[in-house]
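# Secondary and tertiary structure notes
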Amino acid sequence: MAFSAPAEGDGVNTSPVVADEVKTTTCYMCACRCGIKVHLQDGKVRYIQGNRDHPVNKGVLCGKGSAGIMQHYSPARLRKPLKRVGERGSSEFVEIEWDEALEIATKWLSDIRKTDPKKLAFFTGRDQSQSLTGWWANQFGTPNYAAHGGFCSVNMATAGIYTIGGSFWEFGEPDWAHTKYFMMFGVAEDHDSNPIKIGLGKLKARGAKFVSVNPAQTGYSAIADEWIGLRPGTDGLFVLAIVHELLKAGQVDLDYAVKYTNAPWLVYQAPNHANDGLIARDEHNNPLCWDKITNSVTSALRADVTPALTGSFDVNGLKAVPAFQLMAERYSDASYAPEAVAERCGIPASTIKRIAAELAHVAFQETIELPIAWTDWAGRKHDKMIGRPVAMHAMRGISAHSNGFHTCRAIHLLQMLLGTIDVPGGFRYKPPFPRPTPPGPKPAGKNGIKPNEPLGGIPLGFVTGPEDLLLDADNNALRIDKAYTWEHPIASHGLMHMVIANAVKGDPYTIDTLFLYMANMAWNSSMNTRATIDMLTAKHDNGDYKIPHIIYADAYFSETVAYADLVLPDTTYLERWDCISLMDRPISDAEAASDAIRQPVVQPDRDVRPFQTVLLDLGARLMLPGMVNRILKPRYPGGYADYIVNHERATGVGPLAGWRGADGTQHGRGAPNPNQLEAYIANGCFWRGEIPHEAHYYKMANATYLKWAQGMGFLPKAEQIVMQIYCEPLQKFRNAARGHGAIQPPDKDRARIETYFDPLPIWYAPFDEAAVDTTEYPLHALTQRPMHHYHSWGSQNAWLRQITAQNKLFMHREAAAKQNIADDDWVWITSRAGRVKAQVKLVDGVNKNTVWTWNAIGKRKGAWALDPNSPEATRGFLLNHVISETLPDKRSNSDPITGQAAWFDVRVKVERAADHEQNGTDNNFGELHPPPGVHVGPAVLQYGSDFKQAAE
Amino acid sequence: MTSLPDKTDKKLGLVIDLDTCVGCQACVTNCKEWNTGGHMAPLTDLNAYAAEADGVWFNRVHTYEVTGSSACGASTSRTMHFPRSCLHCEKPDCVTVCPTGASYKRTSDGIVLVNEDLCIGCKLCSWACPYGAREFDVFEGVMKKCTLCVDRIYNENLPEEDRVPACVATCPTGARHFGDLGDPNSAVSKLVAERGGVDLMPEMGYAPTNKYLPPRPRKDTATSVPAKELTPVAATGFLGWVDKLLSR
Amino acid sequence: MHPAFSVIFFTTASGAGYGMLATLGFYAGHDALPQNVWFSITSMVVALGLVTAGLLSSTFHLGHPERAWRAFSQWRTSWLSREGVAALLAYIPACAFGLAWVFPALEWPARILGPLMIPFALGTLFTTAMIYRSLKTIHAWHNKWVVPCYLVLGPMTGAVFVLALSAGFGVTLKFLAAFSGALLAAGLVVKWLYWTFIDSTSAASTPATATGLSGTGPAVDVKSVEWPHTEANYVMKEMGFAVARKHAQKLRGIAIWLGFMVPAILIESSVMLPLPQLSFLAIPAAVLMAVGIVVERWLFFAQARHVVTLFYGAKSA
Ligand SMILES: Nc1nc2c(c(=O)[nH]1)N[C@H]1C(S)=C(S)[C@@H](COP(=O)(O)OP(=O)(O)OC[C@H]3O[C@@H](n4cnc5c(=O)[nH]c(N)nc54)[C@H](O)[C@@H]3O)O[C@H]1N2
Ligand SMILES: Nc1nc2c(c(=O)[nH]1)N[C@H]1C(S)=C(S)[C@@H](COP(=O)(O)OP(=O)(O)OC[C@H]3O[C@@H](n4cnc5c(=O)[nH]c(N)nc54)[C@H](O)[C@@H]3O)O[C@H]1N2
Ligand code: SF4
Ligand code: SF4
Ligand code: SF4
Ligand code: SF4
Ligand code: SF4
Ligand SMILES: [Mo]
């Protein structure tokens, strides 16, 4: 209900015209992908508003999205293609025409494709069109493709998909409407920015208890009902101690474990045998269990069994016990007791016990029931849905540690034991999840990488055993980033953070062209930035660059632009078509599958082109099979919009699921619809296909859901998805390390595989921490996402940078007092890898052994069209300078299973800088000079005055 | 003009929930975006891309650490985010000190506004405001401030559901509420009553219209969830207890 | 508060100007003004010049000086408006008196206009003081000593200026030296009392009342962790000006010595010494006093803490 305008008589115009046109599209100030309405006046953006109907943000916008105008009109926007003429890093470029730019790229790339396609490394950072870019790499024929997942949160994705067939990240969500107890581990902001905030608001309004486990008490933790400020890297201990308590007290949902997890599956216990630790299976490869009614071994997938959770049985002459028993025995051990872990976690045992008791109480005493009748996978009817209203969410506080894979699995284990996955009040899958654990396909590249031929499949996939690794006959890595090797066998997202180092070292081989898109590798997405910059400029004795060609597609003058040989300037997000596809990172919610588009709402005023269109153009010039038609003419002459509508990955399956079929009446599958984009625009640029009501929960076992998902093309078969308490693929690697099978790790990796490929969650000290003298480096150093900045992009935004133009180092008062450090002092942060100077801010709300700062606020002098004396460069700092990309044993600073970059393992000491150094940071990287066409923005900005004049 | 109305027909204002605000800055930038093209346009930014950037903003969010409050609970302190904008006071000196009549409080809805055409830029009103809610546009030489989105809340060019202040419409957590605080039956008045909404600096005697809902007590004690301590299962031990019939 | 030069100059200069007018008016009322045309002209030019320069300078810090005339309109509520009106009104008796004094033929009207000028001059000083006194947000101004300070310091500086001029023109104003000395003493006393007051008390507001949390616990402590924006904004530049305690103590010493003690000693010693020329000591006394009072006025702003700083980390204001 709105108020009507009073007759105040003060001459204020209470009904000014806001826009002559309002267009919907999708925000891209971050990866949350909210729906927006762009108000345009005289062709300029007057205001950006959240789209109330949009499933992601329901009308709200975050701090970034609300500053979109300044992102769109940023002075750091690139203007025209650039060709390097000076040394790399000198920013000496000339502007060239698009034709020349594309010819150069075509020349370099066609030479590679003709000879050895893997000499192209195509890495795409914060890409939101991975289904296109991945396919492009496949058509090109290189396995060397990945986006940012490897340095982001592959631990969460992989642990999740191998355990529950879904994951945290933005691929699942708490049941905000029903949960009574919400535990959040290591989240500052996450990709689901607005959904999480909307959800927390709902929890607060309902008075549900919200517990935040996080060394820092900021943001979400600030409004938590309880803050558990544990020591970084110890969540696994904390969670498994809770598991210990629950097991001891019998507070476990056994019924759920039997129905929905592999708890009853029998596991061989036969030391030294090749099958030791593997799941016992019948001749159809079905897992086996012990049926207590028939007292026999039978398929665990049958509906009519009463499986044992304990006991020891003889299967094929080997001893086999239920996975549940292995799990229970392990965590019942006193070494997992709260008292045993309290000190390492920095959390009193009594708190751990209380949390365990609270979880048990809410899960089992405050059970909820929704009157939704449903049918399970076996055809059994249930008249209601039982919910255990405990929900959990976790992100990079867990994943960015080298023990993150196991810690994430530990959290999923806790959820499974409480019976809270995809039940009312619990954690919910968003379609296309759940998927099989793990789903197909396998990573491509194994069956040869041949000149002028596409790769056998999509470069990234899910391995299930040593036979899937991407190794040649001599155990050498097939991929430049060494993903899917013994060093990181389950690197499901690749290792973007290792590409530059490996290519420069020529280990496993050298490359010809590094093609980067949307990744600021010469600054904030690299560990040890200095070394990365040196590598980008490293030369052979003959003066040739070790990475001969670097092509970079960015929209703005980021630090990395200066290191490219060829720069392909992209549009801003308001100037292009885009596709937020279910084949990519979907924007679904727990009750619907959704996808969306971006439409150009303003026309570029510069000579820039949308990268996706450029990529298709390049593909056609290279004659990549999918990108040309039979007469070798471009298949998508209309660019990306053409592709979005007409591309089919399989018959009837294309980038967008909505309004398919020639007449636009089909959803999910259907022939291309020439008017599909119009249909999207008419609907606010998104499509939301609701899951049938009776399939809103228990998706992993809900017949209606499984059938619906199969129909949508999300699942190959409408079969139950069994969650994996016990993760068999890990054991396969372990057995190889023990000398079984044809493919075995080299000796140097055996012990490591043996140790870390434990099929049940384990905890170990993060590697970097274990590698240093912790008395010398007593503190953990972390970064957090500021809610109002997106990585490095925010600083070019005249509004966002005013909020945070300098990041300080937050430090506990007591820790500072010990070092005679006062508020606002400048300090040296020193790790084994280097040091950086920062200004401290003393606080109470942080774990006493931890310091932290806002991520990616510090900037290289001169970058982003900022004045070189801007605080971002003179007072802000980048913690990356003290994070090493390698461990002392020369391995990458990553999780041993997934290769996830372990950003948060670094240990530091903090000391007050000398008196004469109390004057700013030590940004001694040299100044970058803007390329042609880019100038520092105006001193006085009066955006909006035109609108006012027009209104008057 | 600068005499305060004895009474206003409505008391439109905001209610801000400090228990829910996560400090995301959405209200800050959305306010900026709306208003830089709105009634007080533009909200000039000086040194926008250089050192000492300094712009006009109507809404700013602070971060504090609070100890000793009943809301803190068992842990030592809590972090609190605190959005601050004009509180549209009932008895503000910012209006009465104004020598030109540029500052005024509307009789109809209680909104405190500045008429830029009358303002001489003497800054006295900003000295009189205890809440730092007045922002001088150095470049334009006039005082600016939160208008309570007077060009939105009645705007017939907008759909009815959008006729709320920009900061309220955008707040992702729903920590900001808008309504008539003069009407005891309005949703905002009820919320204030229910949650014990407070005035900032009541000792100033400005009678702010906007109210703040203080953080609720933390639930980090055993009693907040009535959970019994966990005790080991029967003498048979855990695995014995597990040994019951469970069907798939 | 940010010590803007124009405002400091305005309050000190116009204070001295009105003080001179009051002093001259007082002597005129007692028919004790010597008839020395150059002295009269110079005194009036200096007095009105100081007043006018002060008023003009006060418009320098306006965003829109050309609209300054609008400031006269809100005299019903605004002390700034009242000051403008008072200042304008004060010109009428002041100019009339000046004419009467300068032209000997008009001698008797000067005797009436002179005293009439006093309430206008003091009244304007009062309105200036009230601009500050009325601001509840600034404890250092919103207190009982501010009006006395302005009402004493204006006449004090005016009296010393008149004395210096009289010395310069070699005319005698009976008892003015003693009178000035008394005002300097009184000025020091009120200023001392003012400083004692602001040093020993602070605003009732605290970070806890500012954030509305004062009622939620016995001793709520609210510490600022992050400002809304990392760089200083208008409010902080204008209201958040802070001067280090040590620095302020030093400046106070300078203000006390130059503004009060040294002028008093110079003036009183000139009275006691036999040589009339030594009354010339009044001239350096006036100059030094001017410097001292500018420092005093700088401190009046610089040491005034605005309650808004409580939001930005100040523990008290
Ligand atoms: N210390 C520390 N370092 C970290 C992390 C951490 O937590 N701590 N987090 C890591 C993680 S998870 C990630 S994902 C990375 C992110 O790091 P990056 O992937 O480097 O992310 P951005 O800084 O966002 O840089 C992306 C680039 O995309 C460009 N860009 C923006 N919009 C467009 C567009 O529309 N088109 C094109 N073509 N380009 C555009 C930007 O200008 C920028 O150069 O950082 C990693 N680095
Ligand atoms: N506004 C904004 N949103 C973003 C981004 C952005 O740059 N800005 N980036 C996007 C990207 S690429 C990503 S990957 C996501 C990441 O989103 P988040 O997962 O929220 O990532 P971080 O900001 O790195 O926050 C990690 C949190 O974990 C905590 N933490 C660190 N170590 C530990 C630990 O050992 N245990 C626990 N329990 N907590 C720990 C840190 O204090 C911090 O609060 O955000 C996405 N969303
Ligand atoms: S969370 Fe914010 S920046 Fe990200 S898409 Fe949504 S509105 Fe845009
Ligand atoms: S908050 Fe400040 S500007 Fe707003 S009405 Fe109150 S005193 Fe005036
Ligand atoms: S700055 Fe403008 S609005 Fe404020 S008191 Fe002066 S004239 Fe009035
Ligand atoms: S009411 Fe409008 S002007 Fe005021 S703070 Fe909110 S958005 Fe800004
Ligand atoms: S938008 Fe809402 S949650 Fe975000 S800072 Fe503003 S009030 Fe707080
Ligand atoms: Mo990320």
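The following paragraphs examine the structure supplied in this document.

Reading guide: rules and limits
- Residues numbered from 1 in each chain as written.
- Chains lettered and ligands numbered in written order.
- Predicted model: local features only at pLDDT ≥ 70, side-chain atom pairs only at ≥ 80, totals over all residues.
- Heavy atoms only, no water.
- Helix = DSSP H or I, 4+ residues; strand = E, 2+ residues; numbered from the N terminus.
- Buried < 20%, exposed > 50% of the residue type's maximum accessible area, 1.4 Å probe, protein only.
- Contact = heavy atoms within 4.5 Å.
- Areas by Shrake-Rupley, 256 points an atom, 1.4 Å probe, with all protein chains shown as cover.
- Lys, Arg positive; Asp, Glu negative; His and termini not counted.
- Charge placed at Lys NZ, Arg CZ, Asp CG, Glu CD.
- Buried area = accessible area lost by both parts, 1.4 Å probe.
- Salt bridge = Lys/Arg side-chain N within 4 Å of Asp/Glu carboxyl O.
- Polar contact = N/O pair within 3.5 Å; in protein donor to acceptor, adjacent residues only side chain to side chain.
- Nonpolar A, V, L, I, M, F, W, Y, C, P; charged D, E, K, R; others polar.
- Phe/Tyr/Trp six-rings, centres within 6.5 Å; stacked < 30°, edge-to-face > 60°.
- Lys NZ or Arg CZ within 6 Å of the ring centre and 35° of its normal.
- Near = heavy atom within 4 Å.
- Pairing = 2+ DSSP bridges.
- Axes fitted to C-alpha atoms, helices over the stretch in contact; angles between N-to-C directions.
- Parallel < 35°, antiparallel > 145°, perpendicular 65-115°, else oblique.
- Left-handed = near helix turned anticlockwise from the far one by under 90°.
- Expected span 1.5 Å × (residues − 1).

Here we come to the overall build of chain B. Counting its secondary structure elements, chain B contains six helices and 11 strands. Taking the principal axes of its C-alpha atoms as reference, chain B extends roughly 85 × 45 × 40 Å. Buried positions account for 70% of the 248 residues belonging to chain B. Sequence separation of at least 24 residues holds for 62% of the intrachain contacts in chain B that already meet a minimum separation of 6. Accessible area for chain B stands at about 7300 Å²; split by element, carbon and sulfur atoms hold 54% of it. Separation of charge centres in chain B, based on 26 positive and 30 negative side chains, amounts to 5 Å.

The interface is formed by 121 residues belonging to chain A together with 99 residues belonging to chain B. For the pairing of chain A and chain B, the buried interface totals around 8600 Å² over both sides, and the portion due to carbon and sulfur atoms is 56%. Summed over the three residues of chain A that lose the most area to chain B, namely A:Phe3, A:Tyr47 and A:Gln802, the buried surface amounts to 8% of that side. Summed over the shared surface of chain A and chain B, the result is five salt bridges. A salt bridge links A:Lys204 to B:Asp19, with the nearest nitrogen and oxygen atoms 3.3 Å apart. Applying the counting rule to chain A against chain B returns 59 residue pairs in polar contact (both at pLDDT 80 or more). Broken down by element, the side of chain A that touches chain B gets its largest block of residues, seven residues, from helix H12 (residues 349-365) of chain A. Taken together, the residues of the side of chain A that touches chain B sort by class into 63 nonpolar, 33 polar and 25 charged.

Moving on to the packing of aromatic side chains. Tallying each qualifying case throughout the model produces 64 aromatic pairs over all chains. Judged by centre distance (4.9 Å) and plane angle (85°), the ring pair of A:Tyr47 and B:Trp34 falls under edge-to-face. Remark: B:Trp34 occurs in helix H1 (residues 26-35) and A:Tyr47 occurs in strand E3 (residues 44-50); the pair is interchain, linking two chains. With a relative accessible area of 2%, A:Tyr47 lands in the buried category. Taking NZ or CZ as reference, C:Arg76 lies 5.5 Å from the ring centre of C:Trp75, over its face.

Time to look at the pattern of salt bridges. Should their charged atoms come close, side chains of opposite charge can pair. All told, the structure shown has 95 salt bridges over all chains when counted by the stated rule. Measuring nitrogen to oxygen at the nearest pair gives 2.6 Å for the salt bridge that ties C:Lys237 to B:Asp54. Of this pair, C:Lys237 sits in helix H8 (residues 234-239) while B:Asp54 sits in strand E3 (residues 54-55), placing the two residues on different chains. Of the residues examined, C:Lys237 reaches a relative accessible area of 41% and is grouped as partly exposed. Residue class for B:Asp54 comes out buried when judged on its relative accessible area of 10%. Across the salt bridge formed by C:Lys136 and B:Asp93, the nearest N and O atoms sit 3.9 Å from each other. Of the two residues, C:Lys136 sits in the loop between helix H4 (107-133) and helix H5 (146-169) while B:Asp93 sits in helix H2 (residues 93-96), which places them in two different chains. Residue classification places C:Lys136 among the partly exposed positions, given a relative accessible area of 29%. One salt-bridge network, held together by shared partners, links A:Lys482, A:Glu487, A:Asp507, A:Lys748, A:Asp749, A:Asp889 and A:Arg891.

For the rest of this paragraph, the subject is the site of ligand 1. Residue and element names in this part refer to chain A. Taken together, 31 residues lie around ligand 1, and Asn520, Ser525, Asp554, Ser792 and Trp793 are the ones closest in. The backbone of Ala553 places a nitrogen or oxygen atom 3.3 Å from a nitrogen atom of ligand 1. Trp793 is positioned such that a nitrogen or oxygen atom in its side chain is 2.5 Å from an oxygen atom of ligand 1. Expressed as a share of its isolated accessible area of 920 Å², the protein-covered part of ligand 1 is 99%. Elements supplying a minimum of two residues to the shell around ligand 1: helix H4 (149-152) and strand E24 (549-554). Ranked by residues supplied to the shell around ligand 1, first place goes to E24 with three residues. Residues of the shell around ligand 1, tallied by class, amount to 14 nonpolar, 11 polar and six charged.

Contact with chain C, which involves 61 residues of that partner, is made by 64 residues of chain B. Summing both sides of the interface, chain C and chain B together bury roughly 4800 Å²; the carbon and sulfur share of this comes to 57%. A per-residue breakdown of the area chain C buries against chain B is headed by C:Lys136, C:Tyr234 and C:Phe311, which together make up 14% of the total. Linking chain C with chain B are three salt bridges. There are 33 residue pairs in polar contact (both at pLDDT 80 or more) connecting chain C and chain B. Elements with a minimum of two residues in the side of chain C that touches chain B: helix H3 (79-102), H4, helix H7 (207-210), strand E1 (221-226) and H8 of chain C. Per-element accounting of the side of chain C that touches chain B gives the leading share, six residues, to E1(C). Class assignment for the residues of the side of chain C that touches chain B results in 31 nonpolar, 20 polar and 10 charged. The pairing of strand E4 (residues 60-67) of chain B with E1(C) spans five bridges and is antiparallel. Across the sheet, B:Glu65 pairs through a bridge with C:Lys223, a residue of E1(C).

Residue and element names in this part refer to chain C. Contact pair H3 / H4: the axes reach a minimum separation of 8 Å and the direction vectors enclose 160°. Classified by the angle between their axes, H3 and H4 sit roughly antiparallel to one another. Considering how the two elements wind past one another, H3 and H4 form a crossing that is left-handed. Here the residues of the contact of H3 with H4 sort into 20 nonpolar, four polar and three charged.

This part takes up the environment of B:Gly110. Residue and element names in this part refer to chain B. For Gly110, the position within the fold is in the loop between strand E6 (103-105) and strand E7 (112-114). Exposure remark for Gly110: the relative accessible area of 1% places this residue in the buried category. Residues Gly110 and Thr209, spaced 99 residues apart in sequence, show a C-alpha to C-alpha distance of 8.5 Å. Apart from residues no more than four positions distant in its own chain, Gly110 is found in contact with Thr8, Lys10, His88 and Lys105.

All names here are of chain A. What the three strands build is an open sheet, ordered E26-E27-E28; its pairing is antiparallel. Of all strands in the sheet, those with a lone pairing partner are strand E26 (578-580) and strand E28 (686-690), marking the two edges. The sheet shows a mean angle of 10° between the axes of neighbouring strands, direction not considered. As defined by bridge partners, E26 adjoins strand E27 (residues 592-598) across three bridges and the pair is classed as antiparallel. Looking across to E27, one finds that Ile580 is bridged to Ala596.

Turning our attention to helix H1 (residues 5-29) of chain C. Residue and element names in this part refer to chain C. An ideal rise of 1.5 Å per residue puts 36 Å on 25 residues; H1 measures up with 35 Å between its terminal C-alpha atoms. Counted residue by residue, H1 has 21 buried out of 25 residues, so it is predominantly covered. Just past H1, the residue Asp31 takes up positive phi, approximately 55°.

What follows covers helix H3 (residues 130-140) of chain A. Residues and elements named next belong to chain A. Within H3, 10 of the 11 residues are buried, which leaves the element mostly enclosed by the surrounding structure. Listing the buried residues of H3 in full gives Ser131, Leu132, Thr133, Gly134, Trp135, Trp136, Ala137, Asn138, Gln139 and Phe140. As for H3, its buried residues are in contact with helix H2 (98-115), strand E6 (120-123), strand E7 (145-146), strand E23 (513-517), helix H17 (611-621) and helix H18 (639-646).

All names here are of chain A. Of note, the bond from Pro431 into Pro432 is cis; its omega dihedral lies within 30 degrees of zero at 15°. Topologically, Pro432 is positioned in the loop between strand E22 (427-429) and helix H15 (499-505). Following Gly440, the chain continues to Pro441 via a peptide bond in cis, the omega torsion being -15°. One non-glycine residue, Met623, adopts positive backbone phi at about 60°. With a relative accessible area of 40%, Met623 lands in the partly exposed category. Of note in the backbone geometry, His791 takes a positive phi value of approximately 40° without being a glycine. Looking at the secondary structure, you find His791 in the loop between strand E29 (779-784) and helix H24 (800-803). For His791, a relative accessible area of 15% gives the class buried.

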